[in-house]
Amino acid sequence: MDYSIKCDSPEKLTTDCLLLGFYSKRKLGPAATALDEALEGLITRLLKRDDLEGKAGDTLLVNHLSRGKIERLLLVGLGKKEELNASNYRKALSAAIGALKNSGAKNAVSTLHEAEIKGETLEWKIRQTVETFESALYRYTETKSADEKGKPPRLTKLQFLLDSETEQTNAETGLQQGRAIARGMSLARDLGNLPGNICTPSYLAEQAEKLGKAHKKLKVKILDEAELEELGMGSLLSVSKGSRQPAKLIVIEYPGGPAKSKPHVLVGKGLTFDAGGISIKPAANMDEMKYDMCGGASVIATLGVAAELELPLNVVGLVPASENLPDGSANKPGDIVTSLSGLTIEILNTDAEGRLILCDTLTYAKRYEPVAIIDTATLTGACIVALGRHPSGLMGNDDALCESLIRAGETSRDRVWRLPLWDEYQEQLKSNFADIANIGGPDGGTITAGCFLSRFAKDFKWAHVDIAGTAWKTGTDKGATGRPVPLLSQYLIDQAQ
Ligand code: BES
Ligand code: MN
Ligand code: ZN
């Protein structure tokens, strides 16, 4: 959809649909008040007639107005005025786009950003609108036949109404960030939703190259198995041995900052299908393991966001890509491999493969002398047990870095919750035969996975974001969410300031 800013007063507009906010007890916002006057109290009357309380997410579509050039009104409940917060605001936005996309309107003007939310700027409100609306309008069509693709949505244009030009620059910034992040989320969702037989490690690498062609500033390099072998990435390669698809290490550099300033490195698990290997997974819902590359897709997409926003900092994206399948040459429980760091690993469960491809990538990342490394991965089912599907799990070896990710999560509404990486947990990774085991038993599975990675992250500031519960939705709404693109993008935006 096309988004822009418009300076005008609500009564003078020409539009297919005007979005107006109202609060509990039918209290109207400024734009709604102005229009209510122009319409001789129509809005107040209709809200009373339909007994609409103004809860966050209530909507009323006024489908016809007897005069003027506004075809429709969409009244959007925002809840109690004093209690309006980021979460209610997003709920109202979701309801608004839900009603708007089925209203028949081809274009619309929104005034919802005039609502005051403690601690949030106009820039933020506009950005959230673009992200929420684009997320709701997203459709996956790539593997549907023409008849099933359905018609494209009628709604193609949204304007944000400002009453003066004073805030136009802030509004433009919000628009620009919203567009870039929404585009990144949509790319991450498309890649995630594609099936494992299409989205292979090579396909993922090609998509990164395609992104590199679209943005002059991105440099993309793909390391193949021979190069990984040469480097000594024995842990990563042990996972891809059991697959006919060759592993790739996708390297994307965005040199947006001064040549001498150290980069932020983002690492994303790009496991394009995880059957578990010899420690094979149960059949139920195994299809969802096509989403095991969502961390990698988000890293690729976030590099696109950095380039689109021309952020003045250096960023590197690293995505180890592989399949994890059972095969005659696959890893077997008890096998011992030597990682790039030199540490030997006893593979007690071949299904704990994410950490095996990530650990070599973390070691590889050291060559960039990074400011910090953030990895993101659909790493443990235990994370869903611990935190459910609302926040991603956060762990790390640096409090300030973790704090900045928590803040970025709050701002972007792509939230994380920190788990402890205490030394006590490290005991669970002891191996009788190698330096470290790849699993830590049934207790605290998300944390012991974090502990495993921490052994390869001793020389730099590092944080790990487990997105097992947040990268996709299960059930009837099954599909990738595009998380943690907003989180990672916000982190980079904050670092650039
Ligand atoms: N990709 C999975 C983690 C996962 C499972 C994410 C279910 C989302 C939903 C990962 O590779 C895995 O299989 N982890 C194992 C680790 C265990 C063997 C220690 C798990 O979570 O069961
Ligand atoms: Mn696995
Ligand atoms: Zn996995």
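Residues numbered from 1 in each chain as written. Chains lettered and ligands numbered in written order. Predicted model: local features only at pLDDT ≥ 70, side-chain atom pairs only at ≥ 80, totals over all residues. Heavy atoms only, no water.

**Structural notes on the packing of aromatic side chains**
Thinking step 1. Scanning all chains against the criterion turns up five aromatic pairs.
Thinking step 2. Between Tyr 3 and Phe 160 the ring centres are 6.4 Å apart and the planes differ by 25°, which places this aromatic pair in the stacked class. With a gap of 157 residues between them, Tyr 3 in strand β1 (residues 2-7) and Phe 160 in strand β7 (residues 157-162) connect regions that are remote in the sequence.
Thinking step 3. The exposure class of Tyr 3 is buried, given its relative accessible area of 2%.
Thinking step 4. A relative accessible area of 0% means that Phe 160 is categorised as buried. (Phe/Tyr/Trp six-rings, centres within 6.5 Å; stacked < 30°, edge-to-face > 60°. Helix = DSSP H or I, 4+ residues; strand = E, 2+ residues; numbered from the N terminus. Buried < 20%, exposed > 50% of the residue type's maximum accessible area, 1.4 Å probe, protein only.)

**Brief notes about the domain arrangement of the protein chain**
Thinking step 1. Domain parsing of the protein chain yields domain 1 (2-162) and domain 2 (182-496).
Thinking step 2. One C-alpha centre belongs to domain 1, the other to domain 2; they are set 38 Å apart.
Thinking step 3. Counting residues at the interface gives 13 residues for domain 1, matched by 16 residues for domain 2.
Thinking step 4. Summed over both partners, the interface of domain 1 with domain 2 comes to about 1,200 Å²; 51% of that surface belongs to carbon and sulfur atoms.
Thinking step 5. Sorting the residues of domain 1 by area buried against domain 2 places Arg 127, Tyr 138 and Tyr 140 first, and these three jointly supply 41% of that buried surface.
Thinking step 6. Across the domain 1-domain 2 interface, the total number found is zero salt bridges.
Thinking step 7. Summed over the shared surface of domain 1 and domain 2, the result is five residue pairs in polar contact (both at pLDDT 80 or more). (Domains from an automatic or database assignment. Contact = heavy atoms within 4.5 Å. Buried area = accessible area lost by both parts, 1.4 Å probe. Salt bridge = Lys/Arg side-chain N within 4 Å of Asp/Glu carboxyl O. Polar contact = N/O pair within 3.5 Å; in protein donor to acceptor, adjacent residues only side chain to side chain.)

**Focus: the coordination of the zinc ion (ligand 3)**
Thinking step 1. Taken together, the protein ligands of the zinc ion (ligand 3) are Lys 269 (NZ), Asp 274 (OD), Asp 292 (OD) and Glu 353 (OE), with distances of 2.0 to 2.4 Å.
Thinking step 2. Seen from the zinc ion (ligand 3), its six donor atoms lie at angles of 78 to 176°, and the figure they make is octahedral.
Thinking step 3. Site description for the zinc ion (ligand 3): donor spacing in sequence, K-x4-D-x17-D-x60-E.
Thinking step 4. The metal-metal distance between the zinc ion (ligand 3) and the manganese ion (ligand 2) is 3.1 Å, with Asp 274 coordinating both. Remark: Glu 353 occurs in the loop between β14 (344-347) and α11 (354-365) and Lys 269 occurs in the loop between β10 (264-268) and β11 (270-274); sequence separation between them is 84 residues. (Donors = N, O, S within 2.8 Å, 3.2 Å for Na, K, Ca; no water. Tetrahedral: all angles 85-135°; square planar, octahedral: opposite > 155°, others 65-115°.)

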